[in-house]
Amino acid sequence: MNIATPLPRLENLLPPDHDNEYQQLLDGLLQPQARINPKYFYDDTGCELFTRICELEEYYPTRTEAAIFERCADDISLALVNHAQWIDLGCGDCSKSRRWLQHIAPARLIGVDIAGDFLQSCLADIAHDHPELECIGVVSDFTRRLDLAELLAEDRASPPVFFYPGSSIGNFTRPDALRLLRCIRQQCGARGQLLIGIDLVKPSPILEAAYDDAEGVTAAFNLNVLSMVNQLLHADFEPANFVHQAVYDREQNRIEMRLVAKHPHRVRLGHTERHFHRGEYILTEYSHKYTTDGFSALLAEAGFHCQHLWTDPQQWFGVFLAES
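Per-chain numbering applies: the sequence of each chain, read as written, is numbered from 1 onward. Given that this is a predicted model, residues contribute local features only at a pLDDT of at least 70 and side-chain atom pairs are listed and counted only at 80 or more, while totals for whole chains, interfaces and linings are drawn from all residues. Computation of side-chain values covers all heavy atoms of the structure but excludes hydrogens and water.

- In the nomenclature of an unreviewed UniProt entry, the chain corresponds to Dimethylhistidine N-methyltransferase from the organism Halopseudomonas bauzanensis.

**Brief notes about the UniProt feature "domain: Histidine-specific methyltransferase SAM-dependent" (unreviewed entry) in the chain**
Item 1. UniProt positions are given in the numbering used here, feature names are shortened, and annotations may be inferred rather than shown by experiment. If you check UniProt for "domain: Histidine-specific methyltransferase SAM-dependent" (unreviewed entry), the listed places come out as residues 23-323 in our numbering.
Item 2. Numbering of helices and strands runs from the N terminus; a helix is a DSSP stretch of H or I covering at least four residues, while a strand is a stretch of E covering at least two. Annotated as 36% helix and 26% strand, the span residues 23-323 places its first and last C-alpha atoms 38 Å apart.

**Some words on the packing of aromatic side chains**
Item 1. By convention, a stacked pair of Phe, Tyr or Trp rings (six-membered ring in the case of Trp) has centres within 6.5 Å and planes under 30 degrees apart, an edge-to-face pair has planes over 60 apart, and any other such pair is tilted. Evaluated as defined, the whole model comprises 18 aromatic pairs.
Item 2. Consider the rings of Tyr59 and Tyr211, whose centres lie 6.1 Å apart with planes at 75°: the pair is edge-to-face. Residue Tyr59 is found in the loop between helix H2 (44-54) and helix H3 (61-79), and its partner Tyr211 is found in the loop between helix H8 (204-210) and helix H9 (217-233); the two are separated by 152 residues along the sequence. Neither residue differs from the other here; Tyr59 and Tyr211 are each classed as buried.
Item 3. Ring centres of Trp86 and Phe163 lie 4.8 Å apart, and the angle between their planes is 35°; on these two criteria the pair is classed as tilted. On the criterion of sequence distance, the pair formed by Trp86 in strand E2 (residues 85-89) and Phe163 in strand E5 (residues 160-164) is long-range, its members being 77 residues apart. Each member of the pair, Trp86 as well as Phe163, carries the same accessibility label: buried.
Item 4. Connected via pairs of aromatic rings, a cluster forms that spans Phe41, Tyr42, Phe50, Tyr59, Tyr211 and Phe221. Exposure classes here rest on a 1.4 Å probe applied to the protein chains alone. A residue is buried below 20% of its type maximum, exposed above 50%, and partly exposed in between.

**Concerning unusual backbone geometry**
Apart from glycine, the bulk of residues carry a negative phi angle, and the bulk of peptide bonds sit in the trans form.
Item 1. Of note in this structure, Cys94 is not a glycine but carries a positive phi near 65°.
Item 2. Mapped onto the elements of the fold, Cys94 is located in the loop between E2 and helix H4 (95-100).
Item 3. Here His234, not a glycine, exhibits a phi torsion of approximately 50°, which is positive.
Item 4. Structurally, His234 can be placed in the loop between H9 and strand E7 (242-249).

**Here's the deal with the sheet that holds E7**
Item 1. The pairing criterion is simple: DSSP has to find at least two bridges between the two strands. If you trace the 3 strands from one edge of the open sheet to the other, you get E7-E8-E11, paired in antiparallel fashion. The sheet is open, and its two borders are formed by E7 and strand E11 (281-288), each paired with just one other strand. Direction aside, neighbouring strands of the sheet carry axes that sit 20° apart on average.
Item 2. Sheet analysis places strand E8 (residues 254-261) next to E11, joined by 7 bridges and oriented antiparallel. Looking at E11, one finds that Leu259 is bridged to Ile282.
Item 3. The sheet contacts of H9 involve E7, E8 and E11, and relative to E8 the element is tilted by about 60°. With axes taken as lines fitted to C-alpha atoms, and helix axes fitted only over the stretch in contact, angles between N-to-C directions fall between 0 and 180 degrees. Only heavy atoms enter the contact rule, under which two residues are in contact if any of them lie within 4.5 Å.

**A look at the domain arrangement of the chain**
Item 1. Where each domain starts and ends comes from a domain assignment, either automatic or drawn from a database. Considered domain by domain, the chain is made up of domain 1 (24-56 + 206-212 + 224-288) and domain 2 (60-202 + 289-323).
Item 2. If you average the C-alpha positions of domain 1 and of domain 2, the two centres end up 28 Å apart.
Item 3. Counting residues at the interface gives 15 residues for domain 1 and 15 residues for domain 2.
Item 4. Once two parts are brought into contact, the accessible area they lose, counted with a 1.4 Å probe and summed over both, makes up the buried area. Carbon and sulfur atoms supply 52% of the area buried between domain 1 and domain 2, which totals about 1,300 Å² over both sides.
Item 5. The largest share of the area that domain 1 buries against domain 2 comes from Ile206, Leu207 and His288, three residues that together contribute 41% of it.

Structure representation (C-alpha cells):
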C-alpha cells in the first residue's frame, strides 16, 4: 500500500493586510510620478509571460546565470558550507534549488515565497523525490519583512546559506538593497553565506533590447499589470491607452520600465481618479545593474566579506558568494 508523503510544513510570517496593500498601491498611482510595485506583475498571466521572456533570445540574464551555475557547480559546491540550511528567497517553483540538490546535501530546504499554496505544492514534489530532506515553506514578502531567526534556531548546528538567484535585487534602489542585504547578514550568524546572482553593467543597446524584445512579450508583460490593478483597486485602466517603454539611465545604471500614456485621459481608481497627460508615464520597474567592484562594496557595507565571484566569459552576469 502506498502511503502519501505528508505536505511540508508551512510557516506564515506575513498574514495579509489587504487594506494596507491596496492603499500603498493607490498612493503610488497618485504620486506626481505614478508608480506600481513590480510585485503586481505576477498574476497567472504575468507568470506565464515572464516564463516566455526568460526564453527570449534578447533576454540574457536567465540563461547566462544558468550557464555559470552549470559550468562552475563543482567550484561553487566546494566553497559552500557543509550540511547547511538552504534558504531559497523567492523560490517560485523551486526549480533552481532542485538542480542544486544534485551537488549539495543540505540539512534542510527552506523555501520563501509569497504564494503559500503554490509553495507548499512545489516543496511537496521535492520532498517526494528527496524523502531524507526536511522541506519547510515560509510565506512572506521577504522584500518587506524577513525574520527567520526563530526558524533557523531550530538547527543551530547547520549554518544558513541564503540562495538569491535571478538578479531581482536589481529591482531595489541602493538604500533598499542595502537594507535587505543587512537583514540577511544579521541572520547569517558566524558561519552563514549568501549566494546571489547580479546583472552587470553592459552596453545600453543590449540592456534595452532585453527589456523591449522584438516579439513584444515584455510589452505584454508590462501592460498586463494594469489588469491586476483594475482588479485590486476597482480601476478602469485601458491597456490600449498606454505603450511599453524601456529606458537605460546611464547615471543610475538602471533600466526603467514604463507605461507611457498615448493621449490625455482619465482613469478611475476606486473612489478617486487620475488624469494622465500625453507622454506621462507610470514607472513599473527599476532594474539596477552593477559593476563587480560596486556590488562587492555594497556587500561589504552590509557586513559581508565577498569570498568568491564567478562570471560568464563576456562578464555580463556575476554570481557572488559572500560570507559573514
